[in-house]
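Per-entry structural report
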Amino acid sequence: DAGVIQSPRHEVTEMGQEVTLRCKPISGHNSLFWYRQTMMRGLELLIYFNNNVPIDDSGMPEDRFSAKMPNASFSTLKIQPSEPRDSAVYFCASSLGWGDKSPLHFGNGTRLTVT
Amino acid sequence: GDSVTQMEGPVTLSEEAFLTINCTYTATGYPSLFWYVQYPGEGLQLLLKATKADDKGSNKGFEATYRKETTSFHLEKGSVQVSDSAVYFCALPFSGGYNKLIFGAGTRLAVHP
């Protein structure tokens, strides 16, 4: 079991640039979640998918943020244009099924720094 | 609405000391409750869970009991080790389902030899 794989681990970019974060969930998992972690706000759920369909994107902070899941093994989170306040660690997590029977499996995160 | 409140950190202990990290919750019904742990540079991983009132979850020497009367799920360990240094998150499922978890703010634990 390779776990949830995120890339890149670190991303440094300048304000105004486009940033794309990538996630490969655990094979067979059908729910995928994007979280953002900052010191000030803790862990925030941005968006989650079930069977590749976005279920709730109410946590996406602005229209500059978008997420896609074109197939069961890949998802992206895009920020365009990026701003310094987007600096955070972004986590992807996946799980099998829904309800409280299946724990979330987190990737190791992407640390984004926008200068 | 559903919410989780954790004690603020950091918690600093000497090795072999007793640990308690408090967690209280507000929820519709009686959801399962979880503790996740985040080691430096890593994502969160499930530490333990309890699925109904009075259940005790346990793992790696950590325990937490689901207390319906006090809406609490405090994390305890009898003798901490340096390797337990991490951030601990209490969590519960959002009442709308879909395995969406609501996390507490996290409590940082630092254990010194």
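Report on the accompanying structure. (Residues numbered from 1 in each chain as written. Chains lettered and ligands numbered in written order. Predicted model: local features only at pLDDT ≥ 70, side-chain atom pairs only at ≥ 80, totals over all residues. Heavy atoms only, no water.)

1. A look at the packing of aromatic side chains
We apply this condition: Side-chain rings of Phe, Tyr and Trp, where Trp is taken by its six-membered ring, are said to pair if the distance between their centres is within 6.5 Å; with planes under 30 degrees apart they count as stacked, over 60 as edge-to-face, and otherwise as tilted. Put simply, DSSP marks the helices as runs of H or I at least four residues long and the strands as runs of E at least two long, and each gets a number from the N terminus on. The classification of residues rests on relative accessible area computed with a 1.4 Å probe and restricted to protein chains. Under 20% of the type maximum is buried, over 50% is exposed, and intermediate values are partly exposed.
Throughout the structure, instances matching the rule amount to eleven aromatic pairs over all chains. Here the aromatic rings of Tyr-35 of chain A and Phe-103 of chain B are separated by 5.6 Å at their centres, their planes lie at 80 degrees, and the arrangement is edge-to-face. Residue Tyr-35 of chain A is found in strand S4 (residues 31-38), and its partner Phe-103 of chain B is found in strand S11 (residues 101-103); the two belong to separate chains. What makes Tyr-35 of chain A buried here is its relative accessible area of 1%. On the basis of relative accessibility, which here comes to 10%, the residue Phe-103 of chain B falls in the buried class. Where Phe-106 of chain A meets Phe-103 of chain B, the ring centres are 6.1 Å apart and the plane angle is 70 degrees; that geometry is what we call edge-to-face.

2. What about the sheet that holds strand S7 (residues 65-71) of chain A?
Strand pairing in a sheet is mediated by backbone hydrogen bonds. Such pairs are either parallel or antiparallel. Residues and elements named next belong to chain A. We apply this condition: Any two strands between which DSSP finds at least two bridges are classified as paired. Axis definition: a line fitted to C-alpha atoms, over the contacting stretch in the case of helices. Angles run 0 to 180 degrees between N-to-C directions.
Strand order across the open sheet formed by four strands is S1-S3-S8-S7, with antiparallel pairing between neighbours. The open sheet terminates on both sides in strands that have one partner only, identified here as strand S1 (5-7) and S7. The sheet shows a mean angle of 15 degrees between the axes of neighbouring strands, direction not considered. Direction of pairing for S7 relative to strand S8 (residues 74-79): antiparallel, over a ladder of five bridges. Looking across to S8, one finds that Phe-65 is bridged to Ile-79.

3. Description of the layout of surface pockets
Cut-off, in case you're wondering: The rule is simple: put a 1 Å grid over the protein atoms alone, call a set of points where a 1.4 Å probe fits but cannot get out a cavity, call an open set with protein on both sides within 12 Å along at least five of seven lines a pocket, and count a residue as lining if it has an atom within 4 Å of a point. Grid points are joined across faces, edges and corners, and a volume is the space filled by probe spheres set on the points. Amino acid classes used here: Ala, Val, Leu, Ile, Met, Phe, Trp, Tyr, Cys and Pro are nonpolar; Asp, Glu, Lys and Arg are charged; the rest, including Gly, are polar.
Here the largest pocket defines a volume of roughly 830 Å³. In this structure, the largest pocket is lined by 35 residues; those nearest its centre are Gln-37 and Met-39 of chain A together with Gln-38, Val-87 and Arg-108 of chain B. Of all the secondary-structure elements, those providing two or more residues to the lining of the largest pocket are S4, strand S9 (88-95) and strand S11 (110-114) of chain A together with strand S10 (86-93) and strand S12 (107-112) of chain B. Among the elements that make up the lining of the largest pocket, the one with the highest residue count is S11 of chain A (four residues). For the lining of the largest pocket, the per-class residue count stands at 14 nonpolar, 16 polar and five charged.

4. Side note on the state of the cysteines
Here a disulfide denotes a covalent bond joining the sulfur atom of one cysteine to the sulfur atom of another. What counts here: In this description, a disulfide is simply a cysteine sulfur pair whose atoms lie within 2.5 Å.
Across all of its chains, the model carries two disulfides over all chains by this definition. Covalent S-S linkage joins Cys-23 of chain A and Cys-92 of chain A, the inter-sulfur distance amounting to 1.9 Å. Its S-S torsion of approximately -65 degrees makes the covalent link between Cys-23 of chain A and Cys-92 of chain A left-handed. Of the two residues, Cys-23 of chain A sits in strand S3 (residues 19-24) while Cys-92 of chain A sits in strand S9, which places them 69 residues apart along the sequence. Assigned by exposure class, Cys-23 of chain A and Cys-92 of chain A land together as buried. One disulfide in the model links Cys-23 of chain B with Cys-90 of chain B; its S-S distance is 2.0 Å. Measuring handedness by torsion sign, the sulfur bridge of Cys-23 of chain B and Cys-90 of chain B sits at about -70 degrees and is left-handed. Taken as a pair, Cys-23 of chain B in strand S4 (residues 23-26) and Cys-90 of chain B in strand S10 lie far apart in primary sequence, 67 residues in all.

5. As for the side chain of Thr-107 of chain B
Residue and element names in this part refer to chain B. The criterion, for reference: A 3.5 Å cut-off defines polar contacts: any pair of N or O atoms within that distance qualifies, except that in protein one atom must be a possible hydrogen donor and the other a possible acceptor, and neighbouring residues in sequence count only when both atoms are side-chain atoms. Contacts are residue-level and defined by heavy atoms, with any inter-residue pair within 4.5 Å sufficient.
Relative to the elements of secondary structure, Thr-107 occurs in strand S12. Residue Thr-107 is classed as buried on the basis of its relative accessible area, which comes to 0%. Polar contacts involving the side chain of Thr-107 include one to the side chain of Gln-6, which spans 3.0 Å. Polar contacts involving the side chain of Thr-107 include one to the main-chain carbonyl oxygen of Met-7, which spans 2.7 Å. With sequence-adjacent residues up to four places away left out, Thr-107 is seen in contact with Gln-6, Met-7, Gly-9, Val-11, Ile-21, Ala-86, Val-87 and Tyr-88.

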